[in-house]
Amino acid sequence: MALEEYQRKGNFRRTPEPRGRARGKRPRALQFVVQKHAARRLHYDFRLELDGVLKSWAVPKGPSLVPGDRRMAVETEDHPLEYAAFEGVIPKGEYGGGTVLVWDRGTWEPLDDPHTALAKGDLSFRLAGDKLRGRWHLVRMRGKPRDRGRAHWLLIKSRDAEARSDDVTERETASVLTGRDLDEIARAGDRVWSSRSGERDGPAIPPPGDPSAVTGARRAALPRRIEFQLATLVDDAPADGEWLHEIKLIRYLSHTAHR
Ligand code: MN
């Protein structure tokens with residue numbers, strides 16, 4: 001399903017969900033995310049990056065690490081890549097209204113051509129996340145009733161060293177981003193996402209901005225260690241722009257000039 005459908009359904013004035021654009025292919029690793037979503041019914045949204053969007057399935061019972069466990073996965077709208085980092089509250093009455101927790105995140109690797117495999121309805125892939133790892137399958141069910149035109153798939157863990165016999169959704173309930181559970185995110189919700197700007201509300205964490213715009217920034221690997229810097233006592237706090245500049249440099253560790 002196209003990103004347009006997601007954007008049509010979302011109200012981007014009132015919803016803190018980020019709005020995104022479909023982007024071209026990139027050489028870097030493809031990301032995956034599983035968002036635990038307390039909407040009308042609790043479910044897990046399983047999303048795989050492909051062609052600049054997040055291919056998405058709603059998994060009512062969530063993924064299982066038990067090989068052969070077949071978890072129903074209903075195909076849903078593609079989501080923008082930026083949504084993979086979204087954790088918070090979607091206002092009630094809006095598309096996907098409820099609490100969203102980033103349950104797992106990492107990279108994925110298709111084992112065959114993903115476009116052919118998805119068209120065929122049989123996708124084999126590898127996940128490298130915190131909670132979900134190893135080989136997996138997504139298999140489209142044939143001849144099953146479709147839910148408003150949405151295909152039903154099965155999400156299945158393959159038998160490998162990353163398989164487990166216990167219930168991972170019961171064992172693991174915390175956000176991989178913040179360690180919070182759904183209640184904590186919901187409680188923090190109006191603090192984090194309260195009104196400030198039209199799109200993203202609250203005394204929220206300011207959007208990080210584009211690191212490549214920082215003077216002296218250069219794309220580089222994450223350094224193995226960061227050298228200590230001497231602090232100098234001053235009388236006044238630096239001007240806004242200056243310390244934001246510093247924070248951006250530190251946050252992205254993408255500079256070499258600042259020594
Ligand atoms: Mn959902």
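For the structure, see preceding data.
Bear in mind that the values here come from a model prediction, so they are computed numbers and not experimental data.

Reading the values: the criteria
Residues numbered from 1 in each chain as written. Predicted model: local features only at pLDDT ≥ 70, side-chain atom pairs only at ≥ 80, totals over all residues. Heavy atoms only, no water. Helix = DSSP H or I, 4+ residues; strand = E, 2+ residues; numbered from the N terminus. Buried < 20%, exposed > 50% of the residue type's maximum accessible area, 1.4 Å probe, protein only. Contact = heavy atoms within 4.5 Å. Areas by Shrake-Rupley, 256 points an atom, 1.4 Å probe, with all protein chains shown as cover. Donors = N, O, S within 2.8 Å, 3.2 Å for Na, K, Ca; no water. Polar contact = N/O pair within 3.5 Å; in protein donor to acceptor, adjacent residues only side chain to side chain. Core = buried A, V, L, I, M, F, W, Y, C linked by side-chain atoms within 4.5 Å. Salt bridge = Lys/Arg side-chain N within 4 Å of Asp/Glu carboxyl O. Pairing = 2+ DSSP bridges.

A.B. asks: Mind showing me how you'd approach the overall build of the protein chain here?
C.D. replies: Within the protein chain, the secondary structure is distributed over 5 helices and 9 strands. Reading the protein chain from its N end, one meets helices and strands in the order α-β-β-β-β-β-β-α-β-β-β-α-α-α. Per-residue burial for the protein chain yields a buried fraction of 39% across its 259 residues. Considering only contacts in the protein chain between residues 6 or more positions apart, those separated by 24 or more positions represent 59%. Accessible surface for the protein chain amounts to roughly 15600 Å². Of this, 50% is attributable to carbon and sulfur atoms.

A.B. asks: I would appreciate a short explanation of the coordination of the manganese ion in the present structure.
C.D. replies: Around the manganese ion, the protein supplies His37 (ND1), His43 (NE2) and Asp45 (OD) as donor atoms, at distances of 2.1 to 2.3 Å. Motif for the manganese ion, donor spacing along one chain: H-x5-H-x1-D. Summarising the burial analysis for this pair, His43 and Asp45 share the class buried.

A.B. asks: What is the right way to look at the environment of Arg40 in this model?
C.D. replies: As for its position among the elements, Arg40 is in the loop between strand 1 (30–38) and strand 2 (42–50). Since its relative accessible area comes to 87%, Arg40 is described here as exposed. Sequence separation of Arg40 and Gly96 is 56 residues, and the distance between their C-alpha atoms is 8.4 Å.

A.B. asks: Just checking my understanding: could you explain the side chain of Lys157 for this structure?
C.D. replies: Looking at the secondary structure, you find Lys157 in strand 9 (residues 152–157). By relative accessible area, which is 2% here, Lys157 ends up buried. Reaching out from Lys157, the side chain makes a polar contact with the backbone oxygen of Arg135 at a distance of 2.7 Å. A polar side-chain atom of Lys157 sits 2.8 Å from a polar atom in the side chain of Asp160.

A.B. asks: In this structure, what is going on with the nonpolar core? I would like to understand it.
C.D. replies: Taken as a class, soluble globular proteins show a tendency for nonpolar side chains to be buried jointly. Residues Phe46, Leu48, Phe125, Leu127, Leu132 and Leu138 are the most contacted members of the largest nonpolar core, which totals 27 residues. No other element matches strand 2, which puts 4 residues into this core. The contacts of Phe125, once residues within four sequence positions are left out, are Phe46, Leu48, Trp108, Glu109, Pro110, Leu111, Gly134, Arg135, Trp136, His137, Leu138 and Leu155. Counting residues in hydrophobic clusters, the runner-up holds 9 residues, among them Leu54, Ala84, Phe86 and Ile90.

A.B. asks: Please explain the pattern of salt bridges as it appears in this structure.
C.D. replies: Once the charged atoms of two side chains with opposite charge are near each other, the side chains can pair. For the structure on display, the rule yields 10 salt bridges. In this structure, Arg171 engages Asp166 in a salt bridge whose closest nitrogen and oxygen atoms are separated by 2.4 Å. Since its relative accessible area comes to 41%, Arg171 is described here as partly exposed. Judged by its relative accessible area of 33%, Asp166 is partly exposed.

A.B. asks: Just to check I follow, could you spell out the pairing of strand 7 (residues 122–128) for this structure?
C.D. replies: Each regular strand displays side chains that alternate between the two surfaces of the sheet. Where strand 6 (residues 98–110) lies against strand 7, 4 bridges are found, and the strand directions are antiparallel. Among the inter-strand pairings, Trp108 is bridged to a residue of strand 7, identified as Leu127. Across 7 bridges, strand 7 lies against strand 8 (residues 133–140) in antiparallel orientation. The partner of Ala128 across the bridge, within strand 8, is Arg133. In this structure, the hairpin formed by strand 7 and strand 8 is closed by a connection of 4 residues.

Function-wise, these values are silent; they only describe arrangement.
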